[in-house]
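# Chains, contacts and geometry: an overview
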Amino acid sequence: MGFKSLNREKKPSFRIMICNVFLIFIMLITIPTLGAEKVAFSGEVTDAKTGEPLIGTNVRLEGTVWGASTNSEGHFTFECPAGSYRLVAQHIGYKVFSKLVTIRSGMPALKISLNEAPIALSEVVITATRTPTPVNDIPANVSVLSSASIEAKGSLSLDDALVAEPGVDVRRASGIFTMSPTLVLRGTGANEPSRTLVLLDGVPINKSDTGESNWNRIKTETLERVEIVRGPASALYGSNAMGGVINLITKKPDAGIHAKVNLQGGSLGTAGVDLSLSGGKILGEDQFIGFYLNGNYLTSDGYISEPLIDRTEYTVKRFLDENSQTAKLMYINGTHEITATYQRYDDERGEGEKIQAPDGEFRDFDTDFFTLQYIGSSSRWHWETRAFYQLEKYARIDERMRGAAYERFDVLSDRIDQGFLSSISFYSGKLGRLSLGIDVKQGSVDGADTYRTSPDIVANRGTLTMLSGFIQDEISLFQNRVNVVAGLRLDQVKFEKGEINSTLAPWDTYNGNLDSHTWEAISPRFGVNYQMLKDTRLYASVGKAFRGSILDDLCRSGWMWVGPKIANPYLEPETMTNTELGIQQNFGRALLKFTGYYAVGKDFLYYLETEQTIFGGRFVLMQRQNVARVIMQGIETSAQSSLGRYFDLSAGLTISKSAIEAFPERKDLTGKLLTYSPGQKAKISLGFDAFIDGSVTWEWVGKQYNDDLNTDVISAYDAVHINVSKRLTKSVCADLWVRNLFDTQYLQSEIALDPGRIIMGTLSFAH
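Every value quoted in this text rests on a predicted model; they were computed, and no experiment measured them. (Residues numbered from 1 in each chain as written. Predicted model: local features only at pLDDT ≥ 70, side-chain atom pairs only at ≥ 80, totals over all residues. Heavy atoms only, no water.)

## So, unusual backbone geometry
In plain terms, the rule: Comment: elements are numbered from the N terminus, with helices defined as DSSP H or I runs of at least four residues and strands as E runs of at least two.
Following Ala-505, the chain continues to Pro-506 via a peptide bond in cis, the omega torsion being 5°. Locating Pro-506 in the fold gives a position in the loop between strand 27 (482-502) and strand 28 (512-513). One non-glycine residue with positive phi stands out, namely Arg-186, at about 60°. In this structure, Arg-186 sits in the loop between strand 12 (182-185) and strand 13 (197-200).

Laid out in structure tokens, this is it:
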């Protein structure tokens, strides 16, 4: 691979993108709207009991792109072609309103009254079964976060907004300046992010090389919703889904032209801008074409993250400079939908140390991501296919002083993940809904550490190829009171084309091609959901999951946090068997969920000492091995309730324990807890919707450990966050976010202090 200079430069791509977006915007708003002549349709939504207007009710014409939300007076209005439609109105805490209406020119405003109903997660999700299924029919702990609820949390990063969710562990030690934030489910260890599968519009974004998902490139402004499925899901998704699956679903275009500009500014010299432009046209009775564009830029002077005792003469602030662009094109023809999406992400993040390099140490995670999706359906059949390609060009400057000698090497690595995912489902009478699918995925790495202060190089490459097939059956029994989901998946994975090439001792003694290695995994799952009473739901499931080895363990030799290590191309997958029970109970307009789980993990990967020493016996050579048996158990509880017209309350509590049960080669680790897995987490959030909108959230994270021996303790900490929003005019809105209100100083890792209180203001303009 070729090498480039890693001296940091300002890139013109974002400025060019902004100019292009506004040029497109100007052209589009001057184009006359095509299609049928439209008429105005309006109405009012109120509470059937009190007569009070309902704000934020979603009103839409089913099967079309037309709809609107009610304003502060409960009114809605939009334009659409005259004709007959089924109108649907939805508001949390109320029964869904559905009625056939004939819309014509000059018709009077429609009056809609909604009746109260117990809060229930009645959303239809795709992630849990890879088919559209109501949450209440799924035998699992599933959460759905809308774009509005994410924005209400007032966070500059999505994973930071998810940290308070039950069963979610986040490691973002330096706030928005963190190089590689990690998020895992069910206590599987935030130091091993590949045990949780992350999807973007149904496509995996975990990198085969490191197992990580780059949360920094996920911009909340582009998201429509987030679906979180806790518990093993390898029966559907294969590797990485040991702890569960998080599916990030991006926004789709609407009819007409819509534009939004967010201007941000605040603490630590942080400033940013976000531009969104979307539009669509009705081409015929059942045809639609639309686009969505988004550009995001964020920069910050940063802060000194090292604790005072660790600072040196080379310590500097961690800086941040990033931009991203997203483009989506969608075409709908009847029940057929084709969507193409492209995302470009470009960043530089300082590491907080500068010796001789112009900008000191920093890392760069430039990413190109492309997906092509086709979804179709008929009266009995539903099918989906997705192709994807992800290229991350990882770069890093690493400089250090070894005594009086200066040393620098540049890391450049091409990480490619690509594949094709397909599934088809159909109704088969008494057998319910059957689903079949084939997935093909491939990941590769081609990287090198190239020294600037010597002629040395340490390079590695390798490829992982996976071929998988799955089958799933969903059956409803006893008048839909009992729902059964059973699935089975077979994965075959091959490691090949592994190679190590080094001119630096002692790694040069391991140069050459690595042996290929193939392994298989069978992942079954069985779950039952029982609607015991009108307001009481029980569910139970048992399943087996696995995590395949990452390329970094299979084909890379070099220095790691444990010291010098050698690749191991013969690693087998980790496996885990999980059992869980849950209950969901409605109490009027309140909802309580409780889930307990117990999982046994085998062949977990750990570094072990080999019999070899290097550098004159000063260091023992380490290697990853399948050695440990781990027990993971816990409870997840959550509650939400409406407190009248203006307030709502939500709370969550997680109590978990993930510990090594057996480790014959390291008996000193038996009984030790997994790193970065807090035993307790809690959060309470009060939302308000009155003169101003917003929320106040308190979160608490219990103590955790940052080393395998559990000697380095990361103490428990808590923080309070506030977000307030005020609509100034119909198209202008102001937001104020205060993260860590009381400026609590705490550690999320052994080397980095939290940034403390951050105040950000946002001014949004919408058209």
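## A closer look at the packing of aromatic side chains
Selection criterion: Classification of ring pairs uses Phe, Tyr and Trp, with its six-membered ring standing for Trp, and accepts pairs whose centres are within 6.5 Å; under 30 degrees between planes counts as stacked, over 60 as edge-to-face, and the remaining range as tilted. For the exposure calls, accessible area comes from a 1.4 Å probe over protein chains only, and a residue counts as buried if that area is under 20% of its type's maximum, exposed if over 50%, partly exposed in between.
Taken as a whole and judged by the stated rule, the model has 12 aromatic pairs. With centroids separated by 5.1 Å and ring planes inclined at 40°, the aromatic side chains of Phe-409 and Tyr-451 adopt a geometry described as tilted. Note that Phe-409 is positioned in strand 24 (residues 405-427) and Tyr-451 in strand 25 (residues 433-451), a separation of 42 residues in sequence. As far as the burial class goes, Phe-409 and Tyr-451 line up, both buried.

## Quick word on the pairing of strand 12
Convention followed: Should DSSP find at least two bridges between two strands, the strands are regarded as paired.
By the alternation rule, side chains of strand 12 split into Thr-182 and Val-184 and Leu-183 and Leu-185, which are all buried. Relative to strand 12, strand 11 (residues 168-171) runs antiparallel, the two being bridged by four bridges. Bridging from a neighbouring strand, Arg-171 pairs with Thr-182 of strand 12.

## Some thoughts on the environment of Leu-283
Just so we agree on the cut-off: Two residues qualify as a contact provided that any one of their heavy atoms is within 4.5 Å of a heavy atom in the partner residue.
Locating Leu-283 in the fold gives a position in strand 18 (residues 270-284). Measuring from C-alpha to C-alpha, the distance between Leu-283 and Ile-249 comes to 25 Å, with 34 residues separating the pair along the chain. Not counting the four nearest positions on each side in its chain, Leu-283 is found in contact with Ile-289 and Tyr-331.

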